[in-house]
Amino acid sequence: MMRSLAGRLDLCSINTATLGHREPIGRIVDAVAAAGFGGIAPWRRDLAGNGAGRVARRIADAGLRVSGLCRSTFMPAAGRAEFARRLDDNRRALDEAALLGADAFVIVAGSLVPGSRDLAGARGQVAEATACLLDHARASDVRLALEPLHPMYAADRSCLNTLAQALDLAETLEPEAASPRLGVAVDAYHVWWDPDLPPSLARAGASGRLFAFHVCDWLVPTRDFLTDRGMMGDGVIDLAALRRMTEEAGYDGLVEVEIFSALDWWRRPAEETLRVAAERLQSVC
């Protein structure tokens, strides 16, 4: 059953990218809590120089839950030494996610390294790296959320581009798990177009692999495919229908707002963005 968000901002979270990374993490934590949200999802850049432990205490003191830590270092690399370096960096990020008590560590896999056309090879490296991280995740008691990205990012940002593809990888690396540590992050911006989305969501829910749900909107026209995401209700995604499908499939975590908007929302005061996000979550999501 789909939950009502009216008067329930405690069921909602703010990804810090939504506010443009313009303020220190402590101020962002306070602003998100003051606006009435129940959770926050910091990026690793927010932790730099602050210490994950100190940030975790600040978040806990504000009464917030950590819906996720964003994001992994891209996995494919031109050589084995660089591959190992990237894997170690992701292990350190997993340790930070554990300190934060994050619901999941979000994996944006990466794709072709510069000069390469070997997409199958990139996918092979992603599978190898994810298998290694899964072992570390089990030891750290952290869940890994594979986030498939829209196909326009297939060349550089992610060679995982559909929910079904991400689930194939999860089920291959962790078959028939009673309590999966490897699942998926469902981001409206990346999956709304997919004609196979309903069965993929049902499949993810049946296997207990729905770890995160992110909302924003797809603007028409879109001026920049990385940093021109829309506020919920300003674009063409039927967000209420998407959330209904996701929650009916079994998702019961926080609804996380993640908006990259260099041309609009990143130019506005954080308080305005939080106020509008709160209104739209309760009216169009």
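Look up a bit, the structure's there.
Going along each chain's sequence as written, the residues are numbered from 1 onward. Reporting of local features is limited, given that this is a predicted model, to residues whose pLDDT is at least 70; pairs of side-chain atoms are given and counted only at 80 or more, and all residues count toward the totals for whole chains, interfaces and linings. Computation of side-chain values covers all heavy atoms of the structure but excludes hydrogens and water.

## Some points on the overall build of the chain
Then step 1. Note on conventions: DSSP H or I runs of at least 4 residues are helices, E runs of at least 2 residues are strands, and numbering of each starts at the N terminus. Scanning the chain from terminus to terminus reveals 10 helices and 8 strands.
Then step 2. Its C-alpha radius of gyration of 18 Å places the chain within 12% of the 19 Å reference for a compact globule of 285 residues.
Then step 3. Referenced to the eigenvectors of the C-alpha coordinate spread, the extents of the chain come out at roughly 45 × 45 × 40 Å.
Then step 4. Burial status across the chain gives 55% buried among its 285 residues.
Then step 5. By definition, residues are in contact when any of their heavy atoms lie within 4.5 Å. Taking the intrachain contacts of the chain between residues at least 6 apart in sequence as the baseline, contacts between residues at least 24 apart amount to 80%. Each radius of gyration is computed over the set of C-alpha atoms, and the globule rule expresses the reference value as 2.2 Å times the number of residues to the power 0.38. With a 1.4 Å probe rolled over the protein chains alone, any residue whose accessible area is under 20% of its type maximum counts as buried; one over 50% counts as exposed, and the rest are partly exposed.

## Notes on the nonpolar core
Then step 1. Counting 89 residues, the largest nonpolar core has Phe 37, Phe 105, Leu 144, Met 232 and Leu 281 as its most contacted members.
Then step 2. Other than its neighbours up to four places away in sequence, Phe 105 contacts Arg 44, Leu 69, Arg 71, Ser 72, Asn 90, Ala 93, Leu 94, Ala 97, Val 142, Arg 143, Leu 144 and Ala 145.
Then step 3. In terms of nonpolar packing, the next biggest core, distinct from the first, is built from 5 residues, Ala 145, Ala 185, Phe 211 and Ala 212 among them. Residue types Ala, Val, Leu, Ile, Met, Phe, Trp, Tyr and Cys, when buried and joined through side-chain atoms within 4.5 Å, form a set referred to as a nonpolar core.

## Overview of the sheet that holds strand β4 (residues 105-107)
Then step 1. The sheet built from 8 strands is open, its strands ordered β3-β2-β1-β8-β7-β6-β5-β4 with parallel pairing. Here the strands that pair on one side only, and so sit at the sheet edges, are β3 (65-66) and β4.
Then step 2. Strand pairing is defined by DSSP finding a minimum of two bridges between the two strands. Where strand β5 (residues 144-146) meets strand β6 (residues 182-187), 3 bridges bridge the pair, whose relative direction is parallel. Within β6, the residue paired with Leu 146 across the bridge is Val 184.
Then step 3. Of the strands in this sheet, β5 and β6 touch helix α6 (residues 163-173), which is tilted by about 170° from β6.
Then step 4. Lines fitted to C-alpha atoms define the axes here, with helix axes fitted over just the stretch in contact, and angles between the N-to-C directions of these axes take values from 0 to 180 degrees. On top of the sheet, helix α10 (residues 270-283) reaches β1 (12-15), β7 (210-215) and β8 (255-257); it is set at about 140° to β1, its chief contact.

## Considerations on the packing of helix α1 (residues 25-34) against helix α3 (residues 52-61)
Then step 1. Between α1 and α3, the shortest axis-to-axis distance is 9 Å and the interhelical angle comes to 20°. If you check the angle between α1 and α3, you find them roughly parallel. α1 and α3 meet at a crossing whose hand is right-handed. Contact with α1, carried on its side by Ile 25, Gly 26, Arg 27, Val 29 and Asp 30, involves Val 55, Arg 58 and Ile 59 of α3 and no other residues of that element.
Then step 2. Each residue is assigned to one class: nonpolar for Ala, Val, Leu, Ile, Met, Phe, Trp, Tyr, Cys and Pro, charged for Asp, Glu, Lys and Arg, and polar for all the others, Gly among them. Split by residue class, the contact of α1 with α3 holds 4 nonpolar, 1 polar and 3 charged. Between 65 and 115 degrees an angle is taken as roughly perpendicular, under 35 as roughly parallel, over 145 as roughly antiparallel, and anywhere else as oblique. Definitions for this section: a left-handed crossing has its near helix turned counterclockwise from the far helix by less than a right angle. A right-handed crossing has that turn clockwise.

## Quick look at the environment of Cys 12
Then step 1. With respect to the helices and strands, Cys 12 occurs in strand β1.
Then step 2. The buried category is assigned to Cys 12, whose relative accessible area is 0%.
Then step 3. Sequence separation of Cys 12 and Met 152 is 140 residues, and the distance between their C-alpha atoms is 28 Å.

## Some remarks on the pairing of β1
Then step 1. Residues Cys 12 and Ile 14 line one face of β1 and the alternating positions Ser 13 and Asn 15 line the opposite face, and both faces are buried.
Then step 2. Inspection of the sheet shows β1 paired to strand β2 (residues 39-41) by 3 bridges, in the parallel sense. Within β2, the position partnered with Ser 13 by the bridge is Gly 39.
Then step 3. Crossover handedness for the path β1 to α1 to β2: right-handed. Convention used here: a crossover is right-handed provided that the path from the first strand, over the helix, to the second strand proceeds clockwise when the strands point away from the viewer.

## What to know about the environment of Gly 205
Then step 1. The topology assignment puts Gly 205 in helix α8 (residues 197-206).
Then step 2. Remark: the alpha-carbon pair of Gly 205 and Arg 117, spanning 88 residues in sequence, is separated by 34 Å.
Then step 3. Every residue in contact with Gly 205, bar those within four places of it in the chain, is listed here: Leu 210 and Ala 249.

## Observations regarding the pattern of salt bridges
Then step 1. By salt bridge we mean one thing: a side-chain nitrogen of Lys or Arg within 4 Å of a carboxyl oxygen of Asp or Glu. Summed over the entire model, instances satisfying the criterion amount to 25 salt bridges.
Then step 2. Measuring nitrogen to oxygen at the nearest pair gives 3.1 Å for the salt bridge that ties Arg 27 to Glu 23.
Then step 3. Given a relative accessible area of 55%, Arg 27 falls into the exposed group.
Then step 4. On the basis of relative accessible area, Glu 23 is assigned to the partly exposed category, the value being 37%.
Then step 5. In this structure, Arg 181 and Asp 141 form a salt bridge, with 2.9 Å as the shortest nitrogen-oxygen distance. You can see Arg 181 sitting in the loop between α6 and β6 and its partner Asp 141 sitting in the loop between α5 (119-140) and β5, a full 40 residues away along the chain.
Then step 6. For Asp 141, a relative accessible area of 60% corresponds to the exposed category.
Then step 7. A cluster of three or more residues bridged by salt bridges with shared partners is formed by Asp 135, Arg 138, Glu 174 and Arg 209.

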